[in-house]
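What follows is each chain in one-letter form.
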Amino acid sequence: MKIPKLEIGSITADIPIVQGGMGVRVSLSSLAGAVAREGAVGTISSIGLGDPEASKNEYEKASREALELEIRKAKSMTNGHLAVNFMGVLSNVDDLILTAVREGIKMIVYGAGLPAKLPGLVEDPSINLVPIVSSGRVAELILRSWEKRFARTADALILEGPLAGGHLGFSLEQLRNIDDYSLEKLIPEILEAVKPFEDRFRKKIPVIAGGGVYTGADIARMLSLGASGVQMATRFVCTEECGVSREFKQSYLDAKEEDIVIIKSPVGMPGRAIRNKFLKKLDVVDKLQIKCDYRCLTVCKVAEAKYCIALALVNSYKGDVDNGLIFCGQNAYRINKIVTVKELIAELMSELESV
Ligand SMILES: Cc1cc2nc3c(=O)[nH]c(=O)nc-3n(C[C@H](O)[C@H](O)[C@H](O)COP(=O)(O)O)c2cc1C
């Protein structure tokens, strides 16, 4: 198969891969910059950049400054295409989006919450707005409301299926019947949902499919189903450029299929993670102590939450995996070595070309 370019509004990437945003410092400038340098889209995550034990003012300021720094560092590495990923449940999400816009980011990716106000916040049409969705129904809901309120549509949609890592846009019940929500079923559904909007706005709304995409053959399958590109995250964790601790990456290398589990998160959505000492501890304790002056998540009920998810993710990032949560996609157990981003993308593209 010939490698198609990926066009997202004002962006054209030579490689049809978006490296998925990975919160709490997993995808920062070193990874996103390296991916963008190879011709794919590199995504910096804006999530969890502040100190979870700081006060409100300190937290917001630290998050904003850290995001500015990461964007500047990534831009100094490459002229390639960079995106920033946001979560709707962050209490400082608007501030972070405006920071990314000020820093010249041209692709805003928004998940975990409906991006109802996004086109009002980012009016510049050269900045591409890309919601993350898990069904045709949600895609339609967002696009209908944007059309009515802002006469604007999305520049692309990321369709995240149930095999993805991190928080998932599916209920526990749906995740028990995972085959009913495969990307093979969801892609046609979402293409049908976006078609009327493409017709009315006379523009293509590319669908980028992610969640369990592992090989070049997987990419080819997504493209043949009508996706314009894929979003991949898990495989990028085990690259030299990903800035997480050695222990975090080793947990991926050591994981067996049965170690990859669905958890309940204080964010209020299920998530996928590696069952490690930390998760086993949560089985037997009522609640871990939480110190939280600044509510980083609008939805977290600190008094009821079993643990602080921001702290648990920071711990893993730093290497204290026994006290940390390790998010991963369903295919993490298949990874058995650390490679460079260049090697990973070359391998994927050679597999894609040979299909
Ligand atoms: C460690 C990790 C952290 C993630 N964090 C986020 C996040 O903060 N926001 C988000 O939108 N998606 C997040 N994701 C989802 C990815 O961006 C991506 O859509 C998904 O994992 C793709 O599936 P794959 O990992 O099987 O390639 C995360 C995934 C992983 C593995």
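For the structure itself, consult the block above.
Summarised in this report is the structure supplied together with it. (Residues numbered from 1 in each chain as written. Predicted model: local features only at pLDDT ≥ 70, side-chain atom pairs only at ≥ 80, totals over all residues. Heavy atoms only, no water.)

1. Notes on the overall build of the protein chain
Item 1. Summing up its helical and strand segments, the protein chain has 13 helices and 13 strands in all.
Item 2. Over its C-alpha trace the protein chain gives a radius of gyration of 19 Å, about what one expects of a compact globule, namely 20 Å for 355 residues.
Item 3. In the protein chain, which comprises 355 residues, the proportion classed as buried is 56%.
Item 4. Residue pairs at least 24 apart in sequence account for 67% of intrachain contacts in the protein chain once pairs closer than 6 positions are excluded.
Item 5. Counting only carbon and sulfur atoms, one obtains 50% of the accessible surface of the protein chain, whose full area is about 15,100 Å². (Helix = DSSP H or I, 4+ residues; strand = E, 2+ residues; numbered from the N terminus. Rg over C-alpha atoms; globule rule 2.2 N^0.38 Å. Buried < 20%, exposed > 50% of the residue type's maximum accessible area, 1.4 Å probe, protein only. Contact = heavy atoms within 4.5 Å. Areas by Shrake-Rupley, 256 points an atom, 1.4 Å probe, with all protein chains shown as cover.)

2. Observations regarding the packing of helix α8 (residues 216-224) against helix α13 (residues 341-353)
Item 1. Where α8 contacts α13, the two axes come as close as 7 Å, and the packing angle between them is 55 degrees. In terms of axis orientation, α8 runs oblique to α13. Two packed elements cross with a definite hand, and for α8 against α13 that hand is right-handed. Residues Gly-216, Ala-217, Ile-219, Ala-220 and Leu-223 of α8 form the contact with α13, whose own contacting residues are Leu-348, Met-349, Glu-351 and Leu-352.
Item 2. Among the residues making up the contact of α8 with α13, the classes are represented as seven nonpolar, one polar and one charged. (Axes fitted to C-alpha atoms, helices over the stretch in contact; angles between N-to-C directions. Parallel < 35°, antiparallel > 145°, perpendicular 65-115°, else oblique. Left-handed = near helix turned anticlockwise from the far one by under 90°. Nonpolar A, V, L, I, M, F, W, Y, C, P; charged D, E, K, R; others polar.)

3. A closer look at the site of the ligand
Item 1. Taken together, 21 residues are adjacent to the ligand, and Gly-21, Glu-160, Gly-212, Gln-231 and Thr-234 come closest.
Item 2. Between the ligand and the protein, one listed contact pairs an oxygen atom with a side-chain N or O atom of Glu-160 at 2.6 Å.
Item 3. When isolated, the ligand has an accessible area of 600 Å², and the protein chains bury 94% of it.
Item 4. In terms of residue class, the shell around the ligand is built from ten nonpolar, ten polar and one charged. (Near = heavy atom within 4 Å. Polar contact = N/O pair within 3.5 Å; in protein donor to acceptor, adjacent residues only side chain to side chain.)

4. Quick look at the environment of Ser-27
Item 1. Following the sequence through the fold, Ser-27 ends up in the loop between β3 (17-19) and α1 (29-37).
Item 2. With a relative accessible area of 0%, Ser-27 lands in the buried category.
Item 3. Apart from residues lying up to four places away in sequence, Ser-27 is in contact with Gln-19, Gly-20, Gly-21, Met-22, Thr-43, Ile-44 and Ser-45.
Item 4. In terms of polar contacts, Ser-27 uses its side chain to reach the backbone amide nitrogen of Met-22, at 2.8 Å.

5. A short note on the environment of Cys-242
Item 1. Following the sequence through the fold, Cys-242 ends up in the loop between α9 (234-237) and α10 (246-254).
Item 2. Sequence separation between Cys-242 and Thr-340 is 98 residues, and the spatial gap between their C-alpha atoms is 9.2 Å.
Item 3. Once you skip the residues sitting within four places of it in the chain, Cys-242 turns out to touch Val-26, Leu-31, Phe-236, Val-237 and Lys-249.

6. Here we look at the pairing of strand β7 (residues 128-133)
Item 1. Buried residues dominate β7, accounting for six of its six residues.
Item 2. Neither face of β7 is left uncovered, since the one carrying Asn-128, Val-130 and Ile-132 and the one carrying Leu-129, Pro-131 and Val-133 both have all their residues buried.
Item 3. Bridge count for strand β6 (residues 107-111) against β7 is four bridges, and the pairing is parallel. In the strand pairing of β7, Met-107 is matched with Asn-128.
Item 4. Across two bridges, the pairing between β7 and strand β8 (residues 157-160) is parallel. Bridge pairing links Ile-132 to Ile-158 in β8.
Item 5. Regarding the hand of the β-α-β motif, the stretch spanning β7, helix α5 (residues 136-150) and β8 is right-handed. (Pairing = 2+ DSSP bridges. Right-handed = clockwise from strand over helix to strand, strands pointing away.)

7. A look at the pattern of salt bridges
Item 1. Enumeration over the complete set of coordinates arrives at 19 salt bridges.
Item 2. A salt bridge links Glu-103 to Arg-72; its shortest N-O distance comes to 2.8 Å. Residue Glu-103 is found in the loop between α3 (93-102) and β6, and its partner Arg-72 is found in helix α2 (residues 56-77); the two are separated by 31 residues along the sequence.
Item 3. Residue Glu-103 is classed as buried on the basis of its relative accessible area of 14%.
Item 4. With a shortest N-O distance of 3.2 Å, Lys-117 and Asp-94 are connected by a salt bridge. You can see Lys-117 sitting in the loop between β6 and α4 (118-121) and its partner Asp-94 sitting in helix α3, a full 23 residues away along the chain.
Item 5. Since its relative accessible area comes to 28%, Asp-94 is described here as partly exposed.
Item 6. Shared partners join several salt bridges into a network, and the residues in it are Arg-152, Asp-155 and Lys-203. (Salt bridge = Lys/Arg side-chain N within 4 Å of Asp/Glu carboxyl O.)

8. As for the pairing of β6
Item 1. The buried count for β6 comes to five of five residues, which makes it a mostly enclosed element.
Item 2. Residue alternation in β6 divides its side chains into two sets, Met-107, Val-109 and Gly-111 and Ile-108 and Tyr-110, and both sets are buried.
Item 3. Inspection of the sheet shows strand β5 (residues 81-87) paired to β6 by four bridges, in the parallel sense. Opposite Val-84, over in β6, you have Ile-108 as the bridge partner.
Item 4. Tracing the backbone out of β5, into α3 and back to the parallel element β6 gives a crossover that is right-handed.

9. Examining the packing of α5 against helix α7 (residues 183-201)
Item 1. In the contact formed by α5 and α7, the axes pass within 8 Å of each other and the chain directions differ by 20 degrees. Considering their axes alone, α5 and α7 lie roughly parallel with respect to each other. Relative to α7, α5 is oriented so that their crossing is left-handed. Mapping the contact onto sequence places Gly-136, Arg-137, Ala-139, Glu-140, Leu-143, Arg-144 and Glu-147 in α5 and Glu-189, Ile-190, Ala-193, Val-194, Phe-197, Arg-200 and Phe-201 in α7.
Item 2. For the contact of α5 with α7, the class distribution of residues is seven nonpolar, one polar and six charged.

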